[in-house]
Amino acid sequence: MKRMKKTIILFLLVAGFVQGLMAAATKQTADEAYQQNQFEEAIRQYEELLATEGESADVYYNLGNSYYKSQHIAKAVLNYERALLLRPGDADIRFNLEMAKSKSVDQIVPTTEVFIVTWYHALVNSLGERSWSRLAIGSFWLLLAGLAVYLFSRRIVWKKVGFLGAVLMLVVCGCSNLFAHAQKSEQERREGAIVMAPSVTVKSTPNESGTDLFVLHEGTKVFVEDNSMKEWKEVRLADGKKGWLPASAIETI
């Protein structure tokens, strides 16, 4: 009986190892297809990899590059946005996203923000959720170390250093946890979406008889304000305009 259990455990370990190798090979094969300018094949393999292995900033980024090279701008924007959602501090992803967005017909000018809000968003997006979490854990241990120095050191200088260090690490730990939570909430809400239809008329009400407000084109980013209806979604643009459009015309980031 014990030998059978060991055999089963060994089989599961080997199966997991082989599965990992197969996943790595799939990623490598997709990268090779991209490097050989076989963009449609690379797209197929990256999409399959996402379906089987789950979300990955690297795969979304490479998939966005493949779509961009294939002149599928809306799909490129969508996958760059998904990659940026998982890794907001990546300059390469942000640069390629801006390049793809510049190819879109609609050039939306965002509403101006208060400086402190813009600064806060930039700070939160400088790192991803996992990086902020790791920083929070590291600063927490340094906080404990600073408290230990403050409590057990006999020299006044070291007590001051320990106390100030502990206070600083407390601030870093608190902010890191706050920013990690903000990143996690952003990933869970998924309020952003990309227009995938070549063009779509935004209506004043959620039906075809509604008044035409404006027209959007593929590749434009919108924010879903009302997600309660299946066939229609109320969306908001970065410049503050709102309206209703068919759910089939957009794809959630």
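Here's a quick rundown of the structure.

Attention now goes to the packing of aromatic side chains. Two aromatic rings are characterised by how far apart their centres lie and by the angle between their planes. Scanning the model with the defined rule gives 6 aromatic pairs in all. Aromatic side chains Trp 132 and Phe 179 sit 4.9 Å apart centroid to centroid with 70° between the ring planes, which places their arrangement in the edge-to-face category. Separated by 47 residues along the polypeptide, Trp 132 in helix H7 (residues 129-152) and Phe 179 in helix H8 (residues 156-189) bring together distant segments of the chain. Grouping residues by exposure puts Trp 132 and Phe 179 together as buried. Aromatic pair Phe 140 and Trp 141: ring centres 6.2 Å apart, planes at 70°, arrangement edge-to-face. A residue is classified by how much of its surface remains accessible, and Phe 140, at 39% relative accessible area, is partly exposed. One aromatic cluster is present, formed by Tyr 120, Trp 132 and Phe 179 through successive ring pairs. Lys 159 extends its terminal NZ or CZ atom over the ring of Tyr 150, reaching a point 5.4 Å from the ring centre. Between the NZ or CZ atom of Lys 241 and the centre of the ring of Phe 214, over which it lies, the distance is 5.6 Å.

This next bit is on the layout of surface pockets. Roughly 1500 Å³ of internal volume is contained in the largest pocket. As for the largest pocket, its lining consists of 37 residues, of which Glu 81, Arg 94, Asn 125, Lys 221 and Phe 223 are closest to the centre. When contributions to the lining of the largest pocket are tallied by element, the ones reaching two or more residues are helix H4 (73-86), helix H5 (91-101), helix H6 (115-124), H8 and strand S4 (221-226). Residues of the lining of the largest pocket, tallied by class, amount to 13 nonpolar, 12 polar and 12 charged. Forming the boundary of the second largest pocket are Glu 55, Ser 56, Ala 57, Asp 58, Leu 86, Arg 87, Gly 128, Glu 129, Arg 130, Ser 131, Arg 134 and Gln 187. Listing elements by their share of the lining of the second largest pocket, those giving two or more residues are helix H3 (57-69) and H7. Residues of the lining of the second largest pocket, tallied by class, amount to 2 nonpolar, 4 polar and 6 charged.

What follows covers the environment of Trp 132. The buried category is assigned to Trp 132, whose relative accessible area is 6%. Setting aside chain neighbours within four positions, we find Trp 132 in contact with Leu 123, Val 124, Ser 126, Leu 127, Ser 176, Phe 179, Ala 180 and Gln 183.

Here is what the cut-offs are and how they apply
Residues numbered from 1 in each chain as written. Predicted model: local features only at pLDDT ≥ 70, side-chain atom pairs only at ≥ 80, totals over all residues. Heavy atoms only, no water. Phe/Tyr/Trp six-rings, centres within 6.5 Å; stacked < 30°, edge-to-face > 60°. Helix = DSSP H or I, 4+ residues; strand = E, 2+ residues; numbered from the N terminus. Buried < 20%, exposed > 50% of the residue type's maximum accessible area, 1.4 Å probe, protein only. Lys NZ or Arg CZ within 6 Å of the ring centre and 35° of its normal. 1 Å grid on protein atoms, 1.4 Å probe; cavity = no way out; pocket = protein on both sides within 12 Å on 5 of 7 lines; lining within 4 Å. Points joined across faces, edges and corners; volume = space filled by probe spheres on them. Nonpolar A, V, L, I, M, F, W, Y, C, P; charged D, E, K, R; others polar. Contact = heavy atoms within 4.5 Å.

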